[in-house]
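Residues per chain, in single letters:
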Amino acid sequence: MTSSHSLVSLSAVELRRLIGARQVSPVELLQACVDRIEAVNPYVNAITATAYEQARAQAREAERAVMQGEPLGLLHGLPLGVKDLEPTAGLLTTYGSAIYRGNVPEQDVELVARLRRAGAIVTAKTNVPEMGAGANSRNTVWGATGNPFDPNLNAGGSSGGSAAALACDMLPVCTGSDTGGSLRIPAAKCGVVGFRPSPGVVPSVRKLLGWTPISVVGPMGRTVADACLQLAASAGMHAGDPLSYPLDPLSFLRPGGVDLGTLRVAYTEDFGVCAVDDGIRAVFRKKIAAMRHLFAACDPVTLDLGDAHRCFDVLRAEAFVAGMGDAYEKDPDSLGPNTRANYELGATMNLKDSAWAQAAQTRLIKRFQHVYQDYDLVLAPTTPVSPFPWTQLYADFINGERQENYYRWLALTYVITLTTHPAIALPCGRDDRGMPFGLQVIGRFRGDHALLAAAHAMEQAFVSVDTLRRPIPDIAALGPARPDLRSIVTTPPVFDDAGPQNNASAV
């Protein structure tokens, strides 16, 4: 019998293999995950609403299917954490907003429906910032998610709950999504993998502006192969996302092999436009020095991304105006500071601003292709600073330079969002403060398969290098965060499988 501790630490790929081989029961695995959540979540607050009773019933059914030799899906029997921006049938979905404290959807969003059809067992929701705005997973409904390496520090966002849950071995599969870096940043800060696919690979049917390429849905995992397993279960065309297109989802199932010695790699500390802490720059240089021998070439590169900041400001604001207009007009005070700031910025813009941003993004995409005439990949840091206390809403200063707004510190990831290239945050040892360091690897235009293959090969190569391999949090050393969550949420909701039982307002 496998111990519950060793069971939850296995990769999703290995757990799925063991379930198919009748060596691990879905019922046993689910209980091990529930035990882990109950033991660890009080320290990091990654998990929000739970669906344990429904999950137990589904796990029993999954076990029956295995024992009777029925066809099994790619994720058969694997407990799943769903980011709290994704509507999930019968399970409290708050978007991290007090407006939705009682919201229990009747239907799954397409992403969740696909993962269920692949055999995943929805077990819990994972924490986010309000409406996904920002990279600190803190809100007035559930409180703040702490970093698995130090619960006093932030776990990133907006997929912070998913990243922390994976890093703490609470669940083997968790979903994510990404506009300005919401997959990549929390993955980097928690030491897991976050893959931002090209627009349309995984349909994002909940975005109101269906033709925008800046918001995507994508997988997270403790390994590249785990992310690929989820990707294979969720990719493929759907009319709810007009950018989606016909493809073979199973083509993502295995990352494939690539000889790193054949790849030419470029690297940049800041893309020429991003503020980056001097300490992170120094760490990145050391990482490059430790890995450059793996490639045919590994060279610094200069990029011209034009006025990428203003371009992203406009395109991001458009999405918030589309999504937040009704709530703002009804009660502006019902929105948190990040969400409200995005809406108010967008409300000051006009058609001229929108047209300029669309044209600027098109120019930027074309310019970015020049680097791929000589190189196969671009490497960069994922975040410009080490994790900071979650009581600090965002990184307002970098190297003494005040940041223009609450999301400007996300520039290392959002400039790549604008290019529409696929990008992955790969665990790459620790930074100078002992926290996880995430390497951002950017592939060619629509080169998702090649990027995943390279990332998998890099991950394998990093295992043998102390300064590059994935860091593992010391769960036994976790303690309560100080200040504790009551400093953020004074009346946390009491929840069970049916939803919240206490809808008192939180400060």
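Predicted model, so just to flag it, every value in this text is computed and none were measured.

A. Spotlight on the pattern of salt bridges. Per the counting criterion, the structure on display carries 25 salt bridges. Across the pair Arg367 and Asp304 runs a salt bridge, and its minimum N-O distance is 3.8 Å. Pair noted here: Arg367 is in helix α12 (residues 351-368) and Asp304 is in the loop between β12 (297-300) and α10 (308-330), with a separation of 63 residues, a long-range link. The partner of Glu344 in a salt bridge is Arg340, and the shortest N-O contact between them spans 2.8 Å. Of the two residues, Glu344 and Arg340 are both situated in helix α11 (residues 337-347); the distance of four residues between them amounts to about one turn of the helix. For Glu344, a relative accessible area of 29% puts it in the partly exposed group.

B. Spotlight on the pairing of strand β8 (residues 173-178). The buried count for β8 comes to six of six residues, which makes it a mostly enclosed element. The side-chain alternation of β8 yields two buried faces, one formed by Val173, Thr175 and Ser177 and the other by Cys174, Gly176 and Asp178. One ladder, built from two bridges, connects strand β2 (residues 79-83) with β8; its direction is parallel. Of the residues in β8, the one forming a bridge with Leu80 is Val173. Bridge count for β8 against strand β10 (residues 216-221) is five bridges, and the pairing is antiparallel. Across the sheet, Ser177 pairs through a bridge with Val217, a residue of β10.

C. Fine view of the nonpolar core. Phe271, Met291 and Met458 are the most contacted members of the largest nonpolar core, which totals 154 residues. Dropping the residues within four chain positions of it, Phe271 is found in contact with Leu303, Leu305, Val378, Ala380, Leu412, Val415, Ile416, Gln440 and Ile442.

D. View of the pairing of strand β9 (residues 193-196). Side chains Val193 and Phe195 of β9 all project onto a buried face; the interleaved residues Gly194 and Arg196 project onto the opposite face, where all are buried too. Strand direction decides the pairing type here: β9 and β10, joined by two bridges, are antiparallel. Following the sheet pairing, Val193 is matched in β10 by Gly221.

E. Geometry of the UniProt feature "domain: Amidase" (unreviewed entry) in the protein chain. Under the UniProt annotation, the feature "domain: Amidase" (unreviewed entry) is placed at residues 28-452. Regarding residues 28-452, the helix share stands at 35% and the strand share at 17%, and the terminal C-alpha atoms are separated by 31 Å.

F. Focus on the packing of α10 against α11. The interhelical angle for the contact between α10 and α11, taken along N-to-C directions, is 105 degrees, at an axis separation of 7 Å. Considering their axes alone, α10 and α11 lie roughly perpendicular with respect to each other. Residues Asp313, Arg316, Ala317, Phe320, Val321, Met324, Gly325, Tyr328 and Glu329 of α10 form the contact with α11, whose participating residues are Thr339, Arg340, Asn342, Tyr343, Glu344, Leu345, Gly346 and Ala347. Residue composition of the contact of α10 with α11, by class: eight nonpolar, four polar and five charged.

G. View of the packing of aromatic side chains. Taken as a whole, this structure holds ten aromatic pairs when the rule is applied. Summarising the aromatic geometry, the rings of Phe368 and Tyr372 are spaced 5.6 Å apart at their centres and angled 70 degrees between planes, so their arrangement reads as edge-to-face. An identical accessibility class is assigned to Phe368 and Tyr372; each is buried. Judged by centre distance (5.3 Å) and plane angle (90 degrees), the ring pair of Tyr406 and Tyr407 falls under edge-to-face. The exposure class assigned to Tyr406 is buried, which follows from its relative accessible area of 6%. The ring of Tyr407 is capped by Arg316, whose NZ or CZ atom sits 4.7 Å from the centre of that ring.

H. Expanded view of unusual backbone geometry. Residues Gly157 and Ser158 are joined by a peptide bond in cis, for which omega reads 10 degrees. Within the element layout of this structure, Ser158 appears in the loop between β7 (150-154) and α6 (160-167). A positive phi angle is found at Arg446, which is not glycine, with a value near 60 degrees. Secondary-structure assignment places Arg446 in the loop between β17 (436-442) and α14 (448-462).

I. Structural context of helix α4 (residues 52-67). Given a rise of 1.5 Å per residue, 16 residues ought to cover 22 Å, and the 22 Å separating the end C-alpha atoms of α4 matches this to within 8%. Of all the positions in α4, only Tyr52, Ala55, Ala59, Ala62, Ala65 and Val66 are classed as buried. Viewed end-on, α4 has its buried residues packed into an arc of 130 degrees, placing them on one side of the element. At its buried positions, α4 is contacted by α2 (12-20), α3 (26-44), β1 (47-50) and β3 (121-126). A positive backbone phi angle near 70 degrees is found at Gly69, which sits one or two residues after α4.

J. How the structure looks around the sheet that holds strand β16 (residues 423-430). Taken in spatial order, the eleven strands of this open sheet run β1-β3-β2-β8-β10-β9-β16-β17-β13-β11-β12, and their pairing is mixed. The open sheet has two edge strands with one neighbour each: β1 and β12. Put simply, the sheet's adjacent strands are angled 30 degrees from each other on average, direction ignored. Against the sheet, α4 engages β1 and β3, with an angle of about 150 degrees to β3.

K. Region of interest: the packing of α10 against α12. Contact geometry for α10 and α12: axes closest at 9 Å, N-to-C directions at 125 degrees. What the angle tells us is that α10 and α12 run oblique. The way α10 lies across α12 gives a crossing that is left-handed. Contacts between α10 and α12 pair Ala308, Arg310, Cys311, Val314, Leu315 and Glu318 from the former with Asp353, Ser354, Trp356, Ala357, Gln358, Ala360, Gln361 and Leu364 from the latter.

Criteria and thresholds
- In this numbering scheme, every chain counts its residues from 1 along its sequence in written order.
- Residues qualify for local features only when their pLDDT is at least 70, as the model is predicted, and side-chain atom pairs are given and counted only at 80 or more; totals for whole chains, interfaces and linings, by contrast, use all residues.
- Only hydrogens and water are set aside when side-chain values are computed; all heavy atoms of the structure are taken into account.
- Between Lys or Arg on one side and Asp or Glu on the other, a salt bridge is scored when a side-chain nitrogen of the former is within 4 Å of a carboxyl oxygen of the latter.
- Strands here are runs of E lasting at least two residues and helices are runs of H or I lasting at least four, both read from the DSSP assignment and numbered beginning at the N terminus.
- Classification of residues uses two cut-offs on accessible area relative to the type maximum, computed with a 1.4 Å probe and protein chains only: under 20% is buried, over 50% is exposed, and between them is partly exposed.
- Any two strands with at least two DSSP bridges between them are considered paired.
- Grouping buried Ala, Val, Leu, Ile, Met, Phe, Trp, Tyr and Cys residues that are joined through side-chain atoms within 4.5 Å yields what is termed a nonpolar core.
- Two residues form a contact once any of their heavy atoms are found within 4.5 Å.
- UniProt positions are given in the numbering used here, feature names are shortened, and annotations may be inferred rather than shown by experiment.
- To get an axis, a line is fitted to the C-alpha atoms, and for a helix only the part in contact is used. The angle between two axes follows their N-to-C directions and goes from 0 to 180 degrees.
- Orientation is classified from the angle alone, with under 35 degrees giving roughly parallel, over 145 giving roughly antiparallel, 65 to 115 giving roughly perpendicular, and any other angle giving oblique.
- Any residue that is not Ala, Val, Leu, Ile, Met, Phe, Trp, Tyr, Cys, Pro, Asp, Glu, Lys or Arg is counted as polar, Gly included; the first ten are nonpolar and the last four charged.
- Here a pair means two rings of Phe, Tyr or Trp (six-membered ring of Trp) with centres within 6.5 Å. Their orientation is stacked below 30 degrees between planes, edge-to-face above 60, and tilted elsewhere.
- As a reminder, the over-ring test applies to NZ of lysine and CZ of arginine, requiring each to be within 6 Å of the ring centre and within 35 degrees of the ring normal.
- By definition here, a helix of n residues has an expected span of 1.5 Å times n minus one.
- Arc, as used here, means the arc of the directions from the helix axis to the C-beta atoms.
- Crossing handedness is read from the near helix: turned anticlockwise from the far helix by less than a right angle, it gives a left-handed crossing, and turned clockwise, a right-handed one.

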